[in-house]
Every structure is written in structure tokens, then in C-alpha cells.
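# Remarks on the overall topology
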Amino acid sequence: MNGTRTVAGLALVAIASGVVAPLAMAHGDVQPQAVNTEGLKPLGDKMLEENPYRGDPKAIAVGFSAFTQNCARCHGLEAISGGLAPDLRYLELGKEGDTWFMERIQNGAMVNGVYKMPPFKTVFNQEAMWAIRSYLESRHED
Ligand code: HEC
């Protein structure tokens, strides 16, 4: 009478595969912080294709503040990534890099229906986005 006992219901706790989720949870729902773009040349509503502020010290300062408040929790302080999200110092410079930067900052990054990076298009005006781009260019490494 050797009945086979099946051990059922043993729940294995799977380790979450998303690298960003635990961080996002630890911080709760972090509200995006508005960016004060006063003093930057106004750009209007039509989205530009190339960074109009490249090298502008005021834009870099605004971008530093905006980045620190909205991006650093994933991409690292001073854009030095701890590995949770891409290291943005290595983003391509020039117009190609501008296009990719704008795609990501506006639309975020969705994987399997979950945002690994939230979209910022309803949070920032383009002045704020280009200011962050200018800051990242100032941190660029090859
Ligand atoms: C909740 C975490 C999180 C926040 C906050 C966040 N990002 Fe991201 N970001 C990511 C992740 C994860 C990726 C990689 C997505 C993928 O798999 O392609 C990414 C990708 C990017 C990329 C593309 C990088 C590449 O090499 O392809 C850019 C540019 C970027 N983020 C800019 C920003 C900026 C600017 C901010 C702040 C306004 C920001 N991100 C806020 C998590 C985040």
C-alpha cells in the first residue's frame, strides 16, 4: 500500500524579475515635480527636433534640478546609474540622441503593460525636457 503522496501547494516565492519594480515600490507613488523654466527662452507648443539650449548654462542648471527631482531615483544621482536603469551619460550626442531622448522622456518605457519608466509628456513642457537634455549632455561620457 505505497500510495504516492503528492506534495502540493508548496508555494515558491518567485523573485520579481523586474529590476525597477522593487525600487518603485520602496518609494511609493512618487509624484513628478514641476519644473520652473522661467528665464529660459520660450519654445512654444510645436515640438522641436533638436536641442535649442545646447551648452546654455541656465538650461543646464534647470535641467540638473529637474533631473535630480524626477529621474535620479532610477537613473542615479548626477546621472551615474547604479544599474537599475540605463546610465544616461552614455546617451548619444547630437540630433539622433535628441530624438531618442525625446521619445523616452515623453512616452516612458512600457514593458508587458507595465511602465518601467513613466511618461513625462503631461508633466513637463518642452523647455523642461530640453533643459534636462542639456544637463545630461554636460554629463556626457564616451
Ligand atoms: C521609475 C524609474 C525611472 C524613472 C523615474 C525615469 N526613468 Fe528613464 N528609464 C528607466 C528604465 C528602466 C529605462 C530602460 C527602459 C528600457 O527597457 O528600454 C529608462 C530609459 C530611459 C532613456 C533611454 C536610455 C537608453 O539608453 O536607451 C532615457 C533617455 C531616459 N530613461 C530618461 C529619463 C529621464 C530624463 C527621466 C526623468 C525625467 C527618467 N528617465 C525617469 C527608468 C526610469
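Here, every reference points to the structure presented above.
In this report, we go over the structure that sits alongside the text. (Residues numbered from 1 in each chain as written. Predicted model: local features only at pLDDT ≥ 70, side-chain atom pairs only at ≥ 80, totals over all residues. Heavy atoms only, no water.)

Here we come to the environment of M117. Within the secondary structure, M117 is located in strand β2 (residues 114–117). Taking C-alpha positions, M117 is 8.9 Å from A85, a pair spaced 32 residues apart along the chain. When sequence neighbours within four positions are dropped, the list of residues in contact with M117 reads H75, R104, I105, G108 and A109. (Helix = DSSP H or I, 4+ residues; strand = E, 2+ residues; numbered from the N terminus. Contact = heavy atoms within 4.5 Å.)

Near the ligand lie 21 residues; those nearest to it are C71, C74, H75, W100 and M117. Between the ligand and W100 there is a distance of 2.7 Å, counted from an oxygen atom to a side-chain nitrogen or oxygen. Take R104: an N or O atom from its side chain is 3.1 Å from an oxygen atom of the ligand. Breaking the shell around the ligand down by element, the ones donating at least two residues are α3 (72–75), α4 (94–107) and β2. Element by element, the count of residues in the shell around the ligand is highest for α4, at four residues. Looking at the shell around the ligand residue by residue, the classes come out as 16 nonpolar, two polar and three charged. (Near = heavy atom within 4 Å. Polar contact = N/O pair within 3.5 Å; in protein donor to acceptor, adjacent residues only side chain to side chain. Nonpolar A, V, L, I, M, F, W, Y, C, P; charged D, E, K, R; others polar.)

Another point: the pattern of salt bridges. As enumerated under the stated definition, the model contains eight salt bridges in all. Across the pair D87 and R89 runs a salt bridge whose closest N-O atoms are separated by 2.7 Å. R89 carries the same exposure label as D87, and that label is buried. Accessibility expressed as a relative area gives 12% for R89, which makes it buried. Three or more residues joined by partner-sharing salt bridges are found here, namely E50, R54, D98, R133 and E137. (Salt bridge = Lys/Arg side-chain N within 4 Å of Asp/Glu carboxyl O. Buried < 20%, exposed > 50% of the residue type's maximum accessible area, 1.4 Å probe, protein only.)

This paragraph deals with α4. Note that an α-helix has 3.6 residues per turn; residues three or four places apart therefore point the same way. Helix length check: α4 (14 residues) gives 20 Å between terminal C-alpha atoms against 20 Å at 1.5 Å per residue, within 8%. Taken as a whole, α4 has its buried residues at G97, D98, F101, M102, I105 and Q106. Angularly, the buried residues of α4 cover 145° about the axis, an arc narrow enough to put them on a single face. G108, located one to two residues past α4, shows a positive phi value of around 70°. (Expected span 1.5 Å × (residues − 1). Arc of directions from axis to C-beta.)

Our focus in this paragraph is unusual backbone geometry. Comment: phi is negative for the bulk of residues other than glycine, and the bulk of peptide bonds are trans. One non-glycine residue with positive phi stands out, namely A79, at about 65°. You can see A79 is positioned in the loop between α3 and α4. A79 sits in the buried class, given a relative accessible area of 0%. The phi angle at N112 is positive, at roughly 50°, despite the residue not being glycine. The residue N112 is located in the loop between β1 (109–111) and β2 in this model.

A separate point is the environment of Y135. Within the secondary structure layout, Y135 lies in helix α5 (residues 126–138). A relative accessible area of 4% means that Y135 is categorised as buried. Along the sequence, Y135 and G63 sit 72 residues apart, while their C-alpha atoms lie 5.1 Å from each other. Each residue touching Y135, except ones within four places of it in the same chain, is listed here: I60, G63, F64, F67, E78 and A79.

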